[in-house]
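So the chains spell out like this:
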Amino acid sequence: MSTLHVSPIPCLKDNYAYLVETDGACAVVDPSEAGPVIEALGDRQPHALWLTHHHWDHVGGIEALCERYPALEVWGSAVDAQRGRIPKQTRALGHGDQLKWGGTTVDILHTPGHTAGALVYVADGHAFTGDTLFSGGCGRLFEGTPEQMFESLLAILTLPPATCLWFGHEYTIANLRFALAYGGPHPETTQRLHHVEALRQANLPTTPSTVATELATNIFVRTALTEARRPEAIAHFTAARNAKDTA
Ligand code: FE
Ligand code: ZN
């Protein structure tokens, strides 16, 4: 049973920040802008900001939030700390780090591919995947190779199947439509598309997904765990990523 409570905070055009609460501790993941985050916080005091990567549409609210809550810790990757590209960063994290936080433990996965410093935060059956894994998709390879991204996605998808995956952008419908156009008919993907279309029609987020859902419906990785020959799974991933880049 998870004691973690997560609320998505829609930001900018299609970004999600997340309010994460447990046993008196409160963190915000990827505050793209301060306004909606402050509104979601109400009278709660956040203790930490968890940054998945340095892109402006994830870090944009840091400075205003640090001004308003001066004791805030700013967590991010050691790679980004070294390059000084996350404002006000106070902690430099790497793969395998475990942080005690509000009575639970946060595990850090380093997931290079979208960026060199990309991180995933895992706690109590929840994972915050930033722009590494989207529902039905994955981030563009700005600073990594297809092999790196593939391994990063595998690291996420070998978490327990029920793990909630909270991703950085509301791209789910477009990703699933691409999957059907590119990969052909696929009943599980069609079913998921209908489900998320209904959610969006009701103005609800499609986040979170789960590991099990992504293994069943994410065109980039759905053969990843069953494909015995790793090079073929990577070739499948690379071809899909190239096709999506030019779709
Ligand atoms: Fe990004
Ligand atoms: Zn982003």
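Residues numbered from 1 in each chain as written. Chains lettered and ligands numbered in written order. Predicted model: local features only at pLDDT ≥ 70, side-chain atom pairs only at ≥ 80, totals over all residues. Heavy atoms only, no water.

Draft legend 1. Structural context of the overall build of the protein. Helix and strand content of the protein: nine helices and 14 strands. Expected size for 247 residues packed as a compact globule is a radius of gyration near 18 Å; at 17 Å, the protein falls within 12% of this value. In terms of principal-axis extent, the alpha carbons of the protein reach across some 50 × 40 × 35 Å. Each of the 247 residues in the protein was classed as buried or not, and the buried ones make up 53%. (Helix = DSSP H or I, 4+ residues; strand = E, 2+ residues; numbered from the N terminus. Rg over C-alpha atoms; globule rule 2.2 N^0.38 Å. Buried < 20%, exposed > 50% of the residue type's maximum accessible area, 1.4 Å probe, protein only.)

Draft legend 2. Fine view of the sheet that holds strand S4 (residues 48-50). Taken together, six strands build an open sheet; the order of strands is S1-S2-S3-S4-S5-S6 and the sheet is mixed. The open sheet has two edge strands, strand S1 (5-11) and strand S6 (91-93), and neither has a second partner. Each adjacent strand pair in this sheet contributes to an overall mean axis angle of 25°, direction not counted. Looking at chain direction, S1 and strand S2 (residues 15-22) are connected through seven bridges and run antiparallel. Among the inter-strand pairings, Val 6 is bridged to a residue of S2, identified as Val 20. (Pairing = 2+ DSSP bridges. Axes fitted to C-alpha atoms, helices over the stretch in contact; angles between N-to-C directions.)

Draft legend 3. Structural detail: the coordination of the zinc ion (ligand 2). Taken together, Asp 57 (OD), His 58 (NE2), Asp 131 (OD) and His 169 (NE2) make up the full set of protein donors to the zinc ion (ligand 2), lying 2.0 to 2.5 Å away. Each of the four donor atoms around the zinc ion (ligand 2) contributes to a set of angles spanning 82 to 156°, which defines the coordination as irregular. Sequence spacing of the donors to the zinc ion (ligand 2): D-H-x72-D-x37-H. (Donors = N, O, S within 2.8 Å, 3.2 Å for Na, K, Ca; no water. Tetrahedral: all angles 85-135°; square planar, octahedral: opposite > 155°, others 65-115°.)

Draft legend 4. Local environment of the sheet that holds strand S7 (residues 98-101). On the basis of which strands lie adjacent, the open sheet formed by six strands has the order S7-S8-S9-S10-S13-S14 and mixed pairing. Lying at the two open borders of the sheet, with one neighbouring strand each, are S7 and strand S14 (209-210). Judged from the four bridges that link them, S7 and strand S8 (residues 104-110) form a sheet pairing that is antiparallel. When the sheet's bridge partners are listed, Gln 98 is paired in S8 with Asp 107.

Draft legend 5. Examining the pattern of salt bridges more closely. By the definition in use, this model includes nine salt bridges. Asp 80 serves as the salt-bridge partner of Arg 85, at 2.7 Å between the closest nitrogen and oxygen. You'll find Arg 85 and Asp 80 in the same group, each marked buried. Connected through salt bridges with shared partners, the residues Asp 80, Arg 85 and Glu 143 form a single ionic network. (Salt bridge = Lys/Arg side-chain N within 4 Å of Asp/Glu carboxyl O.)

Draft legend 6. Spatial organisation of the coordination of the iron ion (ligand 1). Distances from the iron ion (ligand 1) to its protein donors, His 53 (NE2), His 55 (ND1), His 114 (NE2) and Asp 131 (OD), fall within 2.2 to 2.3 Å. The coordination sphere of the iron ion (ligand 1) comprises four donor atoms, whose angles at the metal cover 86 to 173°; the geometry is irregular. One chain supplies every donor to the iron ion (ligand 1), and in sequence these donors are spaced H-x1-H-x58-H-x16-D. Separating the iron ion (ligand 1) from the zinc ion (ligand 2) is a gap of 3.2 Å, which Asp 131 spans by donating to each of them. Pair noted here: His 114 is in the loop between S8 and strand S9 (119-123) and Asp 131 is in the loop between strand S10 (126-130) and strand S11 (133-134), with a separation of 17 residues, a long-range link. Assigned by exposure class, His 114 and Asp 131 land together as buried.

Draft legend 7. Up close: helix H9 (residues 230-245). Over its 16 residues, H9 extends 22 Å from the first C-alpha to the last, a length consistent with the 22 Å expected when each residue adds 1.5 Å. Those residues of H9 not exposed but buried are Ala 233, Ile 234, Phe 237, Ala 240 and Arg 241. Projected down its long axis, H9 carries its buried residues within an arc of 130°, all on one side. Contacts from the buried residues of H9 go to strand S12 (137-138), helix H5 (146-157) and helix H6 (172-183). (Expected span 1.5 Å × (residues − 1). Arc of directions from axis to C-beta. Contact = heavy atoms within 4.5 Å.)

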